[in-house]
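Here is how the chains run, residue by residue.
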Amino acid sequence: MRDKDADQRSFIRLSPDVELGDGVRIFSFVNAYGCKIDDGAQIGAFVEIQRGAVIGKRCKISSHTFICEGVTIEDECFVGHGVMFINDRHPAAVNPDGSLKGKDDWTCESTVVRKRANIGSGAVIMCGIEIGEGALVGAGAVVTKNVPAGATVAGVPARVIPRG
Amino acid sequence: MRDKDADQRSFIRLSPDVELGDGVRIFSFVNAYGCKIDDGAQIGAFVEIQRGAVIGKRCKISSHTFICEGVTIEDECFVGHGVMFINDRHPAAVNPDGSLKGKDDWTCESTVVRKRANIGSGAVIMCGIEIGEGALVGAGAVVTKNVPAGATVAGVPARVIPRG
Amino acid sequence: MRDKDADQRSFIRLSPDVELGDGVRIFSFVNAYGCKIDDGAQIGAFVEIQRGAVIGKRCKISSHTFICEGVTIEDECFVGHGVMFINDRHPAAVNPDGSLKGKDDWTCESTVVRKRANIGSGAVIMCGIEIGEGALVGAGAVVTKNVPAGATVAGVPARVIPRG
């Protein structure tokens, strides 16, 4: 297996319009375009970062995570593995007339993750959300409303719980 | 980083037996084999589509989603990011005698997603399910039974909720 | 589309320090380093396996799954699609002084999946967990404590349920 198929290339797909800070580390199988990744951030394998997204300084974005247009992650945040951000409250493939939805056929709702917030693996973050500074989102949570600064939330839908 | 490792190739792995309609768009890091992808469909990054799956016209399949054998997605459906379909109710790596399970050692249970249904990001769809026409599956839902046409379901396990 | 972009390469990234048993099958877009994958195991597309992880004989690790340092999966286990393991109870990108967390700034909590256990797609497995021999973790479950041998668990957080 190893001789024939294994490969030491990185398979990173970084569009020329990505704004990269100093000391950014990008791991294998990453797809990023039109976004800003600030100084010292780390981006794990199988991550997609879309146009217009912002990753702050010294953030860690873990493998298998999707960060869409409209998402701003402030400095020093941790985003776990397999985290899905959302920017469309009424997703659909087509307009009522059956034409493919284009740029002008939906509203991008922004999400911001404030400084030093931590998001556990497998979390899903609905659109139009603010996750407060230093907040903690438990693994597997589905976040449907704002998370206060310093709070811990968990569950489906996510609710505030006493921090353990 | 950019000079050494970044790459503008698409890293698409499309088996010669994939039946592609007109105007299909396939994004980077896709793995598809033995499936049918009909006219105007869009397939996002890091998606796997297995043998025998059918993606209808003008569907949008978002990044990080897994579509297995036995899944039929009718026309104009939206499937969000990180959605996992399932086709085996009793998954196991081996038979009771310890031999690896092969083609004849399990039953593929089919799932159908009817026209214009929308499935939110992070949803998990159990096998043998019908998701009705125009239905909406909330982000992060775990769908364990049929979803009526036009209904909205959410939660773990998913239950019908009044559409907001 | 096919002529220009489709590719029959496997895009497998297997570090030279991966210890591979006999008859291992590794599918496309896999990222593995410093781990052991024992005889007859199968590793699906878009899987990352980190340094120090162990995959037992004849295991099946399905697509989009993340297996981290500290995870040992014993022989003949099934791990579904999009399963996220965790090894850090207090994840963070930086230390309190704002420096990036390094190797000595966190504690890896080990998880073991005992022989012939089966983990459903979309499950999230917290750190420091033992999943007992022959146990079954339902699709989409968030496992926060040990699972007894032979038990079935499901839900968020996962609880023992009568096996159906």
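1. As for the overall build of chain A
Phase 1 of the analysis: Broken down by element type, chain A carries one helix and 21 strands.
Phase 2 of the analysis: What you see for chain A is a C-alpha radius of gyration of 17 Å, in line with the 15 Å of a compact globule of 164 residues.
Phase 3 of the analysis: Counted over contacts in chain A with a minimum sequence separation of 6, partners at least 24 positions apart contribute 16%.

2. Concerning the interface of chain A and chain C
Phase 1 of the analysis: Each partner contributes residues to the interface: chain A has 29 residues there, and chain C has 27 residues.
Phase 2 of the analysis: Looking at side-chain class alone, the side of chain A that touches chain C contains eleven nonpolar, twelve polar and six charged residues.

3. Regarding the relation of the copies chain B and chain A
Phase 1 of the analysis: Between the two copies, chain B and chain A, the superposition gives an RMSD of 0.0 Å; the rotation angle is 120 degrees and the shift along the axis is 0.0 Å. Considering both components of the superposition, the chain copies are consistent with a three-fold axis.

4. Some points on the sheet that holds strand S14 (residues 111–113) of chain B
Residues and elements named next belong to chain B.
Phase 1 of the analysis: Read across the open sheet, the six strands follow the order S2-S5-S8-S11-S14-S17; overall the sheet is parallel. A strand with exactly one partner marks an edge of an open sheet, and here the two such strands are strand S2 (19–20) and strand S17 (130–131).
Phase 2 of the analysis: Examined bridge by bridge, strand S11 (residues 71–73) and S14 share three bridges and lie parallel to one another. Looking at the pairing, isoleucine 73 lines up with valine 113 of S14.

5. A short note on the confidence of the model for chain A
Phase 1 of the analysis: Overall, the predicted model of chain A reaches an average pLDDT of 94, with 94% of residues at or above 70.
Phase 2 of the analysis: Note on the complex model: pTM 0.96, ipTM 0.95.

6. Some thoughts on unusual backbone geometry
Phase 1 of the analysis: Looking along the chain, the bond that leaves Val156(A) and enters Pro157(A) is cis, with omega of -5 degrees.
Phase 2 of the analysis: The backbone of Phe46(B) shows a phi angle near 60 degrees, a positive value even though the residue is not glycine.
Phase 3 of the analysis: Within the secondary structure, Phe46(B) is located in the loop between strand S6 (42–43) and strand S7 (48–49).
Phase 4 of the analysis: We classify Phe46(B) as buried; it has 29 C-beta atoms within 10 Å.
Phase 5 of the analysis: Backbone geometry at Arg58(C) places phi at a positive 55 degrees, although glycine is not the residue there.
Phase 6 of the analysis: Assignment of secondary structure puts Arg58(C) in the loop between strand S8 (54–55) and strand S9 (60–61).

7. Looking at the sheet that holds strand S2 (residues 19–20) of chain A
Backbone hydrogen bonds are what pair the strands of a sheet, in a parallel or an antiparallel way.
Phase 1 of the analysis: Sheet architecture is open: six strands sit in the order S2-S5-S8-S11-S14-S17 (chain A), paired in parallel fashion. The sheet is open, and its two borders are formed by S2 and strand S17 (130–131) of chain A, each paired with just one other strand.

8. Observations concerning the nonpolar core
Phase 1 of the analysis: The biggest cluster of nonpolar side chains holds 177 residues, and the ones touching the most others in it are Val137(A), Val143(A), Val137(B), Val143(B), Val137(C) and Val143(C).
Phase 2 of the analysis: Val137(B) has contacts with Ile119(B), Gly120(B), Ala123(B), Ile131(B), Val143(B), Val147(B), Val153(B) and Ala158(B), leaving out every residue within four places of it along the chain.

9. Quick look at the interface of chain B and chain A
Phase 1 of the analysis: Residue-level contacts link 29 residues of chain B with 27 residues of chain A.
Phase 2 of the analysis: Split into classes, the residues belonging to the side of chain B that touches chain A amount to eleven nonpolar, twelve polar and six charged.

10. Some details on the environment of Gly80(A)
Phase 1 of the analysis: Structurally, Gly80(A) can be placed in the loop between strand S12 (78–79) and strand S13 (84–85).
Phase 2 of the analysis: As for Gly80(A) and Gly122(A), which are separated by 42 residues in sequence, their C-alpha atoms are 7.2 Å apart.

11. Some thoughts on the environment of Ile43(C)
Residues and elements named next belong to chain C.
Phase 1 of the analysis: In this structure, isoleucine 43 sits in strand S6 (residues 42–43).
Phase 2 of the analysis: Isoleucine 43 sits in the buried class, given 26 other C-beta atoms within 10 Å.
Phase 3 of the analysis: When the C-alpha atoms of isoleucine 43 and cysteine 68 are compared, they prove to be 14 Å apart, with 25 residues separating the residues in sequence.
Phase 4 of the analysis: Setting aside anything within four residues of it in sequence, one finds isoleucine 43 in contact with Ile26, Phe27, Val30, Ile37 and Ile61.

12. Thoughts on the environment of Gly40(A)
Phase 1 of the analysis: If you trace the backbone, Gly40(A) turns up in the loop between strand S5 (36–37) and strand S6 (42–43).
Phase 2 of the analysis: Note on Gly40(A): 21 C-beta atoms within 10 Å, which makes it buried.

Quick notes on the rules
- Residues numbered from 1 in each chain as written.
- Chains lettered and ligands numbered in written order.
- Predicted model: local features only at pLDDT ≥ 70, side-chain atom pairs only at ≥ 80, totals over all residues.
- Helix = DSSP H or I, 4+ residues; strand = E, 2+ residues; numbered from the N terminus.
- Rg over C-alpha atoms; globule rule 2.2 N^0.38 Å.
- Contact = placed C-beta atoms within 7 Å.
- Nonpolar A, V, L, I, M, F, W, Y, C, P; charged D, E, K, R; others polar.
- Least-squares fit on C-alpha atoms with pLDDT ≥ 70 in both.
- Pairing = 2+ DSSP bridges.
- pLDDT = per-residue confidence, 0-100.
- Buried ≥ 20, exposed ≤ 12 C-beta atoms within 10 Å, placed from the backbone.
- Core = buried A, V, L, I, M, F, W, Y, C linked by C-beta atoms within 7 Å.

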